[in-house]
Amino acid sequence: MGPLISPSVLSCDFANIQRDVEMINRSAADWFHVDVMDGVFVPNISFGFPVISAIKKHANLPLDVHLMIQNPDQYIGEFKKAGADILTVHYEACTHLHRTIQAIKAEGMKAGVALNPHTPVDLLQDIVADLDLVLIMSVNPGFGGQSFIKNALLKVEQTKNLIHRTGSHALVEVDGGVNLQTGSELVKAGADVLVAGSFVFNSSDPIETISNLKALR
Ligand code: DX5
Ligand code: ZN
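First, a word on what this report is: a plain description of the structure on this page. All of these numbers come straight from a predicted model, not from anything done at the bench.

Our next topic: the overall build of the chain. For the chain, the helix and strand inventory stands at 8 helices and 8 strands. Along the first, second and third principal axes, the C-alpha set of the chain runs to 45 × 35 × 30 Å. Within the chain, the fraction of its 217 residues that count as buried is 55%. Residue pairs at least 24 apart in sequence account for 66% of intrachain contacts in the chain once pairs closer than 6 positions are excluded.

This next bit is on the sheet that holds strand S8 (residues 193-196). The sheet built from 8 strands is open, its strands ordered S1-S8-S7-S6-S5-S4-S3-S2 with parallel pairing. The sheet is open, and its two borders are formed by strand S1 (4-7) and strand S2 (32-37), each paired with just one other strand. Neighbour-to-neighbour, the strand axes of this sheet turn through a mean angle of 25°, independent of strand direction. As defined by bridge partners, strand S4 (residues 86-90) adjoins strand S5 (residues 110-115) across 5 bridges and the pair is classed as parallel. Note that in S5 the partner of Val-89 across the bridge is Val-113. Of the strands in this sheet, S5, strand S6 (133-137) and strand S7 (171-175) are in contact with helix H5 (residues 151-166), which crosses S7 at around 165°.

Counted according to the given criterion, the structure contains 3 aromatic pairs. An angle of 55° between the planes, with centres 5.7 Å apart, marks the rings of Phe-14 and Phe-47 as tilted. On the criterion of sequence distance, the pair formed by Phe-14 in the loop between S1 and helix H1 (17-26) and Phe-47 in the loop between S2 and helix H2 (49-58) is long-range, its members being 33 residues apart. For the ring pair Phe-49 and Phe-79, a centre distance of 4.7 Å and an interplane angle of 55° mean the geometry is tilted.

Here we take up the site of ligand 1. The environment of ligand 1 is made up of 20 residues, and the closest members are Ser-8, Asp-35, Gly-142, Asp-175 and Ser-198. In the model, an oxygen atom of ligand 1 is placed 2.8 Å from a nitrogen or oxygen of the Ser-8 side chain. Against a free-state accessible area of 380 Å², the protein chains account for coverage of 99% of ligand 1. In this structure the site holding ligand 1 corresponds to the largest pocket. Contributing elements (two or more residues each) for the shell around ligand 1: S2, strand S3 (63-68) and S8. Ranked by residue count, the leading element in the shell around ligand 1 is S2, at 3 residues. In terms of residue class, the shell around ligand 1 is built from 8 nonpolar, 10 polar and 2 charged.

Tracing the backbone through its elements, the reader meets Ser-168 in the loop between H5 and S7. Leave out the neighbours within four places in its chain, and Ser-168 touches Val-128, Ala-129, Leu-131 and Ile-163.

Criteria and cut-off values
Residues numbered from 1 in each chain as written. Chains lettered and ligands numbered in written order. Predicted model: local features only at pLDDT ≥ 70, side-chain atom pairs only at ≥ 80, totals over all residues. Heavy atoms only, no water. Helix = DSSP H or I, 4+ residues; strand = E, 2+ residues; numbered from the N terminus. Buried < 20%, exposed > 50% of the residue type's maximum accessible area, 1.4 Å probe, protein only. Contact = heavy atoms within 4.5 Å. Pairing = 2+ DSSP bridges. Axes fitted to C-alpha atoms, helices over the stretch in contact; angles between N-to-C directions. Phe/Tyr/Trp six-rings, centres within 6.5 Å; stacked < 30°, edge-to-face > 60°. Near = heavy atom within 4 Å. Polar contact = N/O pair within 3.5 Å; in protein donor to acceptor, adjacent residues only side chain to side chain. Areas by Shrake-Rupley, 256 points an atom, 1.4 Å probe, with all protein chains shown as cover. 1 Å grid on protein atoms, 1.4 Å probe; cavity = no way out; pocket = protein on both sides within 12 Å on 5 of 7 lines; lining within 4 Å. Sits in = over half its atoms within 2 Å of the grid points. Nonpolar A, V, L, I, M, F, W, Y, C, P; charged D, E, K, R; others polar.

Given below as C-alpha cells:
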C-alpha cells in the first residue's frame, strides 16, 4: 500500500473549482486537502465556508481541512456544516488543545494537530493518543510552492516512535514542498499521508502526478 495522497486545492484554479475537484475525483487521490488561513495565525488569507461548501458539493473524497487560524474553537461546528471530514488545528494556535480535540470529535469529525517546523514533536506526548492525525509542516505555513525543510524527515520518524510508544492510531501527514523526491524520502521515514499542492496542479498531467506519488514506497 502506498501513501494516502491529499492534493491541496490551494493550488487549484479557483475560477474552475468544479473542474479541478472533478479531476481529483477521477485520480488516485484519497482526500482533498483544504487550507484555511486567517491572516492572523499566518501572513495570508485563503478562503472560508462558502468555498469549502462549494468543494464539498463536487467532491467524492473526504475533506481534509487544515486550519491555519488562531482560536479555531468557535468555528468547529461551522466547519462540520461546510463539509469537513477531518479537521486539523495547529498546536501553536490552541491554548486548550485537549478541549478543542474533544469538540472536533463530538461533531463527528476526525481530529488532527499540525506542528510548525520549529515545534518539537514531544509536545504531543499527552495528546497523541486522542488524535487521528498528526500533520508535520515541512514549510512555514501560509503559502504554496515553498521549498521543503529537511528536518521534517526526522520529525516524521520521531512522530512514528511517539505513536508506537503511546498506542495511538494516528496517521502521520506531511505538508509543504512535497514532490517525488521529497515524497519518496518521507514515505521511507514513515509518512502515511502526503499533501501536495503546486507539484500536482502545476504539472502538465496532474492525474499522472498523483498516481506517481501514490506509487511511492
Ligand atoms: C501551506 C499549506 C499547504 C500548501 C502546500 O501553508 O498548508 O497545504 O498548499 O503547497 P505545496 O505543496 O505547493 O508546498
Ligand atoms: Zn495545508
